[in-house]
Amino acid sequence: MGGSKNLKALWGGRFERSPGRFLTEFGASLPVDRRMWEEDIRGSVAHARMLAAQGIITPEDAEEIVSGLFGIREEIKAGEFEWDIADEDVHMAIERVLTERIGPAGARLHTGRSRNDQVATDTRLYVKKRARDIAYRISGVREELLAAAEEHAHCVVPGYTHLQRAQPVLLSHHLLAYGWMLSRDFTRMRHAFEAADACPLGAAALAGTTYPIDRDMVAGQLGFSAVSENSMDAVSDRDFLVDLVYACAMCQTHLSRLAEELILWSSEEFGFVVMDDAYSTGSSIMPQKKNPDFAELVRGKTGSVIGSLVALLVTLKGLPLAYNKDMQEDKRVAFDAIDTLADCLQVVQGMLGSLSFNTARMREAADSGFMAATDLADYLVGKGMPFREAHEVVGKMVLELEKSGRSLHDLSAEGFAGFSCEFDPDVSEITDVDRQVGRRGSAGGTGHDPVRKQIAQMRTSIAGDEAWLEATQDPE
Ligand code: ARG
């Protein structure tokens, strides 16, 4: 950030004293919003071209403005632009430098426009860009989950409720559950994109403008599919940003749950997965340690992303119409949420891609204990016993086996018959772990057939999402 050569602001006409260094910096959003420089320039170019097309400025002035802005764009890209915090925000920084360079034409750019509709336009363009980018990354994680699900199509793993072993499931089924969470996250990102897809430019400060502007022309140039209907709403609406941050918080929450499972699964107690060395760190004191730090950080950063959503909603809740300076705080928290999630998606994609699954250990865990208990009760139901009675019989069985330190596999056909005369010798099939899984053929269940179908559905769903990404690609 360069020094302050410019304490007199572009709005300085009616002022005799300026706020001074501390308040200038306190009031500035430049460090946060300068990342929207590309959107700001696009917006100004579209506005200038429209002003000329409507005869509000001359074509020569518009030409000068546009080429001046393109020059600034190249400079910023090259990292040569001198940002000055005294400019307050990205909009003023670019306009000031433009005017310093091209003179009166630059000073005409802001005709029929206010920073209020300008910042709303820039933010919407930026949200559209980032919502797409996050959606793309979500798709990448889903691909990784799908690949692992396909690779381990026959691996069984204990399914848990209350973190107690419940019923065996296919590892694919477990992984695909996250794939569906992320599918909904993709849809939420797409919704945020669509919520941002209306152009506020032309609302001016709050009431519209006296100039004969053409809002549709501006919207068309900027790739918006509509113009906002109400100028007061246009400059004070941040719903699209809340939608985006909510989508971020939800997706981050899903990543956090996945991270938690990977942390558990990589513990010695579970031993279901081994994280790649690149996704682990050591301890400075305990030489044997291999810690899942990056998964823990994904889980840990979730607090701040959820915090961003709360901060944004609370910032907005008391605001009267129309623009209020409070709204400048929106970008700091929203950008933080977007950046954090983007990084976490990258981490999780790499982590999944390099993860090894200890399928033997998973099978061993899925095949031990009493996870066939529900199936044994269902077996008795099949012989005509009411379910509650069957539940009781199997419950007693578990109690007795547990007391004597045995499992279902230790029970002979006679042993079974001792608990109920309905148990025939074919009962051993019931406790076979693969058959247990295989029997759950109901739609959306963990049986091999529904999971195969689910894999195909996931592939189609990802392809649909990727077609949307393709269709919304910026032509530029
Ligand atoms: N930096 C401001 C923001 O981020 C831009 C709009 C300021 N408008 C105003 N009238 N002060 O919200």
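Cut-offs applied
Per chain, residue numbering runs from 1 following the sequence as it is written. Side-chain atom pairs in this predicted model are given and counted only at pLDDT of 80 or more, local residue features only at pLDDT of at least 70, and totals for whole chains, interfaces and linings cover all residues. The basis for every side-chain value is the complete set of heavy atoms in the structure, and neither hydrogens nor water enter the calculation. Helix numbering and strand numbering both begin at the N terminus, where a helix is a DSSP run of H or I of at least 4 residues and a strand a DSSP run of E of at least 2. Note on method: radius of gyration uses C-alpha positions; expected globular size equals 2.2 Å times residues raised to 0.38. We call a residue buried when its accessible area falls under 20% of the maximum for its residue type, exposed when it is over 50%, and partly exposed in between, using a 1.4 Å probe and counting protein chains only. Any two residues whose heavy atoms approach within 4.5 Å are treated as being in contact. Accessible surface is estimated by sampling points in the Shrake-Rupley manner with a 1.4 Å probe; for residues, cover comes only from the protein chains shown. For this count, His and the chain ends are skipped, Lys and Arg are scored as positive, and Asp and Glu as negative. In this description, the location of a charge corresponds to atom NZ of lysine, CZ of arginine, CG of aspartate or CD of glutamate. Residues enter a nonpolar core if they are buried and are Ala, Val, Leu, Ile, Met, Phe, Trp, Tyr or Cys, with the set joined through side-chain atoms within 4.5 Å. By convention in these notes, a residue is near a molecule or strand provided one of its non-hydrogen atoms lies within 4 Å of it. Counting of polar contacts relies on pairs of N or O atoms within 3.5 Å, with two restrictions inside protein: one atom must be capable of donating a hydrogen and the other of accepting it, and residues adjacent in sequence are counted only when both atoms are side-chain atoms. Between N-to-C directions, angles cover 0 to 180 degrees, with each direction set by a line fitted to C-alpha atoms, over the stretch in contact for helices. These descriptions rest on fixed angle ranges, namely under 35 degrees for roughly parallel, over 145 for roughly antiparallel, 65 to 115 for roughly perpendicular, and the rest for oblique. What makes a crossing left-handed is the near helix being turned counterclockwise from the far one by less than a right angle; a clockwise turn instead makes it right-handed. Just so you know the grouping, Ala, Val, Leu, Ile, Met, Phe, Trp, Tyr, Cys and Pro go in nonpolar, Asp, Glu, Lys and Arg go in charged, and all remaining residues, Gly too, go in polar. Whenever a carboxyl oxygen of Asp or Glu lies within 4 Å of a side-chain nitrogen of Lys or Arg, that contact is scored as a salt bridge. For Phe, Tyr and Trp, where Trp contributes only its six-membered ring, two rings pair if their centres lie within 6.5 Å, and the inter-plane angle classes them as stacked under 30 degrees, edge-to-face over 60, or tilted in between. Cation placement over rings: the criterion is NZ of Lys or CZ of Arg within 6 Å of the ring centroid and within 35° of the ring normal. We treat two strands as partners when DSSP finds at least two bridges between them. The span expected for a helix works out to 1.5 Å for each residue beyond the first. Confidence of the predictor at the level of single residues is given by pLDDT, which spans 0 to 100. Patches draw on residues past 30% relative accessible area with no salt bridge. Two like charges within 9 Å are joined, as are two nonpolar side chains (Val, Leu, Ile, Met, Phe, Trp, Tyr) within 5 Å.

(A) Main features of the overall build of the protein. Looking only at helices and strands, one finds 19 helices and 4 strands in the protein. A compact globule built from 476 residues should have a C-alpha radius of gyration of about 23 Å, whereas the protein, at 30 Å, is more than 25% larger. Overall, the C-alpha framework of the protein stretches about 100 × 50 × 40 Å when taken along its three principal axes. Counting only residues that meet the buried cut, the protein has 48% of its 476 residues in that class. Look at the contacts in the protein between residues 6 or more apart in sequence, and 76% of them connect residues 24 or more apart. Of the roughly 22,400 Å² that the protein leaves accessible, carbon and sulfur atoms contribute 53%. Averaged over its 51 positive side-chain charges, the protein has a centre that lies 3 Å from the centre of its 73 negative ones.

(B) Representation of the nonpolar core. Among the nonpolar cores identified, the biggest contains 68 residues, and Met189 and Met362 are the most heavily contacted of them. Considering each element in turn, this core owes the most residues, 15 residues, to helix H11 (residues 239-265). Contacts of methionine 189, omitting those with residues within four sequence positions, involve Ala131, Ile134, Ala135, Ile138, Leu244, Ala247, Cys248 and Leu341.

(C) Focus on the site of the ligand. Around the ligand, the surrounding shell consists of Ser29, Asp33, Asp89, His91, Arg115, Asn116, Val119, Tyr323, Gln328 and Lys331. Note that a nitrogen atom of the ligand is positioned 2.9 Å from one of the side-chain N or O atoms of aspartate 89. When the ligand is considered free in solution it has 340 Å² of accessible area, and contact with the protein chains removes 86% of it. Ranked by the residues each element gives to the shell around the ligand, the list is headed by helix H7 (residues 115-151), at 3 residues.

(D) Layout of the packing of helix H3 (residues 37-53) against helix H5 (residues 90-102). Across the interface, H3 lies against H5 with an axial gap of 10 Å and an inter-helix angle of 60 degrees. Comparing their axes, H5 and H3 come out oblique. Crossing geometry of H3 relative to H5 is assigned as right-handed. The segment H3 lies against H5, with Trp37, Asp40 and Ile41 engaging Val90, His91 and Ile94. In terms of residue class, the contact of H3 with H5 is made up of 4 nonpolar, 1 polar and 1 charged.

(E) Quick look at unusual backbone geometry. A cis amide bond links leucine 321 with the next residue in sequence, alanine 322, at an omega value of 5 degrees. Following the sequence through the fold, alanine 322 ends up in the loop between helix H12 (293-317) and helix H13 (329-353). We note that glutamate 88 has phi near 80 degrees; this positive angle belongs to a residue other than glycine. Of the residues examined, glutamate 88 reaches a relative accessible area of 12% and is grouped as buried.

(F) Here's a closer look at the pattern of salt bridges. For the coordinates displayed, the defined rule picks out 35 salt bridges. Two residues, arginine 452 and aspartate 449, come together in a salt bridge whose shortest N-O distance is 2.6 Å. Of this pair, arginine 452 and aspartate 449 both sit in helix H19 (residues 448-471), 3 residues apart, roughly one helical turn. The pair arginine 452 / aspartate 449 is uniform in exposure class, with both members exposed.

(G) Structural context of the packing of aromatic side chains. Evaluation of the coordinates by the stated rule reveals 12 aromatic pairs. Taking 5.7 Å as the distance between ring centres and 65 degrees as the angle between the ring planes, the aromatic pair formed by tryptophan 265 and phenylalanine 272 counts as edge-to-face. Following the ring pairs from residue to residue traces out a cluster consisting of Tyr160, Trp265, Phe270 and Phe272. Lying over the aromatic face of phenylalanine 15, arginine 14 brings its terminal NZ or CZ to 5.4 Å of the ring centre.

(H) Up close: the pairing of strand S2 (residues 164-170). Direction of pairing for strand S1 (residues 156-161) relative to S2: antiparallel, over a ladder of 6 bridges. In the strand pairing of S2, proline 158 is matched with proline 168.

(I) Representation of H19 within the structure. Across its 24 residues, H19 extends 35 Å between first and last C-alpha, which sits within 8% of the 34 Å expected from 1.5 Å per residue. Next to the buried residues of H19 lie H7, S2 and helix H8 (171-195).

(J) Up close: the confidence of the model for the protein. Confidence in the prediction of the protein, expressed as mean pLDDT, is 95, and 98% of residues score 70 or more. For the stretch residues 1-6, pLDDT sits under 50, and the model shows 20 contacts to residues farther than four places along the chain or on other chains.

(K) A look at helix H15 (residues 373-382). Along H15, the positions that sit buried rather than exposed are Asp375, Leu376, Ala377, Tyr379 and Leu380. Structurally, H15 contributes buried residues whose contacts are with helix H16 (387-403), helix H17 (413-417) and helix H18 (433-438). Phi turns positive, to about 105 degrees, at glycine 384, one or two residues after H15.

(L) Examining a nonpolar patch on the surface more closely. A cluster of nonpolar side chains, contributed by Ile306, Val310, Leu313 and Val314, occupies part of the molecular surface with about 330 Å² of accessible area. Turning to its location among the elements, valine 310 is positioned in helix H12. We classify valine 310 as partly exposed; its relative accessible area is 47%.

(M) Expanded view of the side chain of asparagine 324. If you trace the backbone, asparagine 324 turns up in the loop between H12 and H13. There is a polar contact of 2.7 Å between the side chain of asparagine 324 and the backbone oxygen of proline 320.

(N) Region of the structure containing the environment of glutamate 194. Topologically, glutamate 194 is positioned in helix H8. Given the relative accessible area of 43%, glutamate 194 is considered partly exposed. Put simply, glutamate 194 and cysteine 251 are 57 residues apart on the chain and 18 Å apart in space, counted from C-alpha to C-alpha.

(O) Looking closely at the environment of leucine 469. With respect to the element layout, leucine 469 can be found in helix H19. For the pair leucine 469 and leucine 312, spaced 157 residues apart in the sequence, the C-alpha separation amounts to 27 Å. Those residues within four positions of leucine 469 in sequence are excluded, and the remaining contacts are Arg132, Ala135, Tyr136 and Phe186.

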